[in-house]
Amino acid sequence: MRTVQQILADSAVIAVVGASRDPSKAAHRVPLQMQQYGWRIIPVNPTVDELFGEQAYKTLADIPHPVDMVDVFRPAADAVQVVRDAAAIGAPAVWLQLGIVSAEARQIAEKAGMDYVEDRCLAVERAAGNLTRPA
């Protein structure tokens, strides 16, 4: 398994399941910050058409191109299905945000050969590694 810094460095396109249009929520602020540092953010939220200037998709399966990572802003109970969906689209990595932990989701990811991170914040790890994506 790659380190969190390697996963971030290798991932150009991040699908964010549970991305929020509410600027007061981490599910809005974190993806927006990642976008500002050069990552392409693909929002997955069935209630919006567009976020962060990108088309939003209802499900991971609806995204018409590959993604490098699936970032999860959903409760731990939902993480299991999100990880199954991430495996089904061939995502090489899945990342559960701060406070989200699921032993079952971890097992599914490991069985599928995916890198798996849980209970960590993308933005914190990006800052810790001083990472940006080239334009």
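Not measured: the values here are computed from a predicted model. The numbering scheme is per chain: residues are counted from 1 as the chain's sequence reads. The predicted nature of this model means local features are confined to residues of pLDDT at least 70 and side-chain atom pairs, given and counted, to a pLDDT of 80 or more, with totals for whole chains, interfaces and linings taken over all residues. Only hydrogens and water are set aside; all other atoms, that is, all heavy atoms of the structure, feed into the side-chain values.

Draft legend 1. Local environment of the pairing of strand 5 (residues 69–72). Exposed residues in this analysis have more than 50% of their type's maximum accessible area, buried residues have under 20%, and partly exposed residues fall in between, with area computed by a 1.4 Å probe over protein chains only. A run of DSSP states H or I qualifies as a helix once it reaches four residues; a run of E qualifies as a strand once it reaches two. Both are numbered from the N-terminal end. What you see with strand 5 is no split at all: Met69 and Asp71 on one side and Val70 and Val72 on the other are buried throughout. The pairing criterion is simple: DSSP has to find at least two bridges between the two strands. As paired strands, strand 5 and strand 6 (residues 93–96) are joined by three bridges and run parallel to one another. Within the sheet, the bridge partner assigned to valine 70 lies in strand 6 and is valine 94. Each parallel crossover has a hand, and the one from strand 5 via helix 3 (residues 76–88) to strand 6 is right-handed. Look down the strands so they point away from you; if going from the first strand over the helix to the second traces a clockwise path, that crossover is right-handed.

Draft legend 2. Just the environment of aspartate 49, in detail. Mapped onto the fold, aspartate 49 is located in the loop between strand 2 (40–44) and strand 3 (50–51). Given the relative accessible area of 66%, aspartate 49 is considered exposed. Contact between two residues is taken to exist if any of their heavy atoms lie within 4.5 Å; hydrogens are not considered. With near-sequence residues (within four places) excluded, aspartate 49 lies in contact with Glu54, Gln55 and Ala56.

Draft legend 3. The arrangement of helix 3 in detail. Between its first and last C-alpha, helix 3 extends 19 Å over 13 residues, near the 18 Å set by a 1.5 Å rise per residue. If you check which residues of helix 3 are buried, you get Ala79, Val80, Val82, Val83 and Ala86. In this structure, the buried residues of helix 3 make contact with strand 1 (13–17), strand 5, strand 6, helix 4 (103–111) and strand 7 (115–117). Just downstream of helix 3 lies glycine 90, where phi reads positive at about 80°. Between the first and last residue of a helix there are one fewer steps than residues, each counted as 1.5 Å, and that sum is the expected span.

Draft legend 4. Expanded view of the sheet that holds strand 7. As summarised here, the arrangement of the five strands in space is 2-1-5-6-7, forming an open sheet in which the pairing is parallel. With partners counted over all chains shown, the strands left at the sheet margins are strand 2 and strand 7, one partner each. On average, adjacent strands in this sheet sit at an angle of 20° to one another, irrespective of strand direction. In the sheet, strand 1 pairs with strand 2 via five bridges, with the strands oriented parallel. Bridge pairing in strand 2 places valine 16 opposite proline 43. For helices, the fitted axis covers only the stretch in contact; all axes are lines through C-alpha atoms, and the angles between them, taken along N-to-C directions, range from 0 to 180 degrees.

Draft legend 5. Representation of unusual backbone geometry in the model. One non-glycine residue, aspartate 119, lies in positive phi territory at about 55°. A residue is classified by how much of its surface remains accessible, and aspartate 119, at 36% relative accessible area, is partly exposed. Even without being glycine, asparagine 130 reaches a positive phi, approximately 50°. Checked against the element boundaries, asparagine 130 lands in the segment after helix 5 (122–128).

Draft legend 6. How the structure looks around the packing of helix 3 against helix 4. Axis separation between helix 3 and helix 4 bottoms out at 8 Å; the angle between their running directions is 10°. As judged from the angle between their axes, helix 3 and helix 4 are roughly parallel. On the side of helix 3, the interface is formed by Ala79, Val80, Val83 and Arg84, while helix 4 contributes Glu104, Ala105, Ile108 and Ala109. With respect to orientation, any angle under 35 degrees is reported as roughly parallel, any angle over 145 as roughly antiparallel, any angle of 65 to 115 as roughly perpendicular, and every other angle as oblique.

Any link to function would need more than the numbers given here.
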